[in-house]
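The lines below spell out each chain.
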Amino acid sequence: PMTLDLTTIRSQFPALHEREGVIFFDNPGGTQIARQSLDRINAYLIQHNANHGGAFATSQESDTMLNEAHAAMADFYNAARPEEIVFGNNMTTLTLHLSRSISRTWNPGDTIVVTRLDHDANVTPWVLAAQDRGVNVRWVDFDVEEGTLRLDDFAAALETHPRLVAVGYASDALGTINPVKKLVQMAHTAGAQVYIDAVQYAAHGPIDVQDLGCDFLVSSAYKFFGTHAGILYGRYDRLDELFAYKVRPATNDLPGRLETGTQNHEGIAGVLGAIEYLQWVGQTFGQDYYEKYDRHFSGRRLHLKQAMSAIRAYEFEISRAVLEALQAIPGVQMHGLTEMRRLEERVPTFAFTLNGWHPRQVAEELARNDIYVWDGNYYAINVTERLGLEESGGMVRVGPVHYNTLDEVKRLKEALWKLVEAD
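Residues numbered from 1 in each chain as written. Predicted model: local features only at pLDDT ≥ 70, side-chain atom pairs only at ≥ 80, totals over all residues. Heavy atoms only, no water.

> Even after reading the chapter, I still don't get the pairing of strand β3 (residues 111–115), so can you show me in this structure?
Consecutive side chains along a regular strand alternate between the two faces of the sheet. Across the five residues that make up β3, a large majority, five, are buried. Alignment of β3 against strand β4 (residues 136–140), held across five bridges, turns out to be parallel. Looking across to β4, one finds that Ile-112 is bridged to Val-137. Each parallel crossover has a hand, and for β3 linked through helix α6 (residues 124–133) to β4 it is right-handed. Sheet analysis places β3 next to strand β7 (residues 164–168), joined by two bridges and oriented parallel. (Buried < 20%, exposed > 50% of the residue type's maximum accessible area, 1.4 Å probe, protein only. Helix = DSSP H or I, 4+ residues; strand = E, 2+ residues; numbered from the N terminus. Pairing = 2+ DSSP bridges. Right-handed = clockwise from strand over helix to strand, strands pointing away.)

This is the structure in structure tokens:
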């Protein structure tokens, strides 16, 4: 089948040419930005920069762009309507903000459920809200060997009939994709609302909130080739029933009443541009997935599903290459799913430790070779604590995306070999 043409793809990312020879494997912490996103930011700031709701041209153009961005993200998530999209600073700030509204109806003695596999941004905001409301917190564990969520533990937690379940789509530390559709069904049967952190997943595969049936889902555009902005989906009836913490003159319409203050307009323009980039990927490289989706989707929604499926297919190749590379290095201990036949259950985000090396040392040595990787806990502190690695510096994280090449993986392997041999 047709795969991505990496030369054409990479030409859409100015940073890859600015830093010729650098290998960006730091993508789980933030990707490089697509040209379409940059173009939108520049056009906005030069031509349409204004505040909301004015009687004059730049303000009206600015509002048109903001409406377009809500519609674009509704297409990306397959939301039922643009009013279900709420923009904010980033996923963490949005979740802290929304947790205040969501938890307002919780009562002392109620329970909520969080997991040890999640990024802390989908844990601590809920734990703090629970403390404020006198609510119990039930933790769901993960299988330490595999890095997969323990479904038996999840089912047991639901017996408490929680008010809310907060769960990740994919782990930003171990790369595991959770069976979110199944988790949502289980949680709803138990009477809970579900809040999904899709930040780590959004760059790697198609999202369909209507198919998932979730109540809320949130991601950040700087993880999918756009700007530093967070984008929340909330089912309309769920958003509509929320008490809004807002200033008095602010609108009572959705989503405006949940988007407090002046938003980062140029950042939101950049989100629109990132969606336009992905739409281009779907139109250019997504032919193989047309028949899979054309019965249910059309226009931009179809192109976005085609794009994310083409990206996912290419990333299977790159995941295979990274797994082979890391497994070939003596002293590398990988954490999370490492079986080739289970690539379906992960995104190409790989965490490992190297015997005798502090993770920071490994990252520094790779950086000297122009290979950029993360070390530490990447805010998935519950994961590193549970694995017993927090005190020793966490793990090294390698996270390719679809603009990375198999040749770059080869260079990573060679650089790691040199470290081990020099040792």
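> Is there a simple way to think about the packing of aromatic side chains in this case?
The way to describe two aromatic rings as a pair is by their centre distance and the angle between their planes. With the rule as written, the count across this model stands at 16 aromatic pairs. Here the aromatic rings of Tyr-169 and Tyr-201 are separated by 3.8 Å at their centres, their planes lie at 5 degrees, and the arrangement is stacked. In this pair, Tyr-169 sits in the loop between β7 and α8 (180–189) while Tyr-201 sits in the loop between β8 (193–197) and α9 (209–212), placing the two residues 32 residues apart along the sequence. A single burial state applies to Tyr-169 and to Tyr-201, both of which are buried. Looking at Lys-305, its charged tip hangs above the ring of Phe-297, at a distance of 5.3 Å from the centre. (Phe/Tyr/Trp six-rings, centres within 6.5 Å; stacked < 30°, edge-to-face > 60°. Lys NZ or Arg CZ within 6 Å of the ring centre and 35° of its normal.)

> Can you help me understand the sheet that holds strand β14 (residues 374–376) in this one?
Judged by pairing direction, the sheet is antiparallel, and its four strands sit side by side in the order β11-β12-β15-β14 without closing on themselves. Taken across any chain shown, the strands that pair with only one partner, and hence form the sheet edges, are β11 (332–335) and β14. In this sheet, adjacent strand axes meet at a mean angle of 30 degrees when their direction is disregarded. (Axes fitted to C-alpha atoms, helices over the stretch in contact; angles between N-to-C directions.)

> Honestly, the sheet that holds β8 in this entry has me stumped. Any pointers?
Picture the strands of a sheet paired through backbone hydrogen bonds; they go either parallel or antiparallel. With mixed pairing, the seven strands of this open sheet are ordered in space as β2-β10-β9-β8-β7-β3-β4. Of all the strands in the sheet, just β2 (85–88) and β4 have a single pairing partner and so form its edges. On average, adjacent strands in this sheet sit at an angle of 20 degrees to one another, irrespective of strand direction. Judged from the four bridges that link them, β2 and strand β10 (residues 230–234) form a sheet pairing that is antiparallel.

> Can you walk me through unusual backbone geometry in this structure?
Residues other than glycine predominantly adopt negative phi, and peptide bonds predominantly adopt the trans conformation. Cis geometry marks the peptide bond from Leu-254 to Pro-255, where omega comes out at 0 degrees. Positive phi outside glycine occurs at Asn-78, with the angle close to 55 degrees. By secondary structure assignment, the location of Asn-78 is in the loop between α4 (57–77) and β2. What makes Asn-78 buried here is its relative accessible area of 9%. The phi dihedral of His-161 falls on the positive side, at around 50 degrees, and the residue is not glycine. With respect to the secondary-structure elements, His-161 resides in the loop between α7 (151–158) and β7. Residue class for His-161 comes out exposed when judged on its relative accessible area of 57%.

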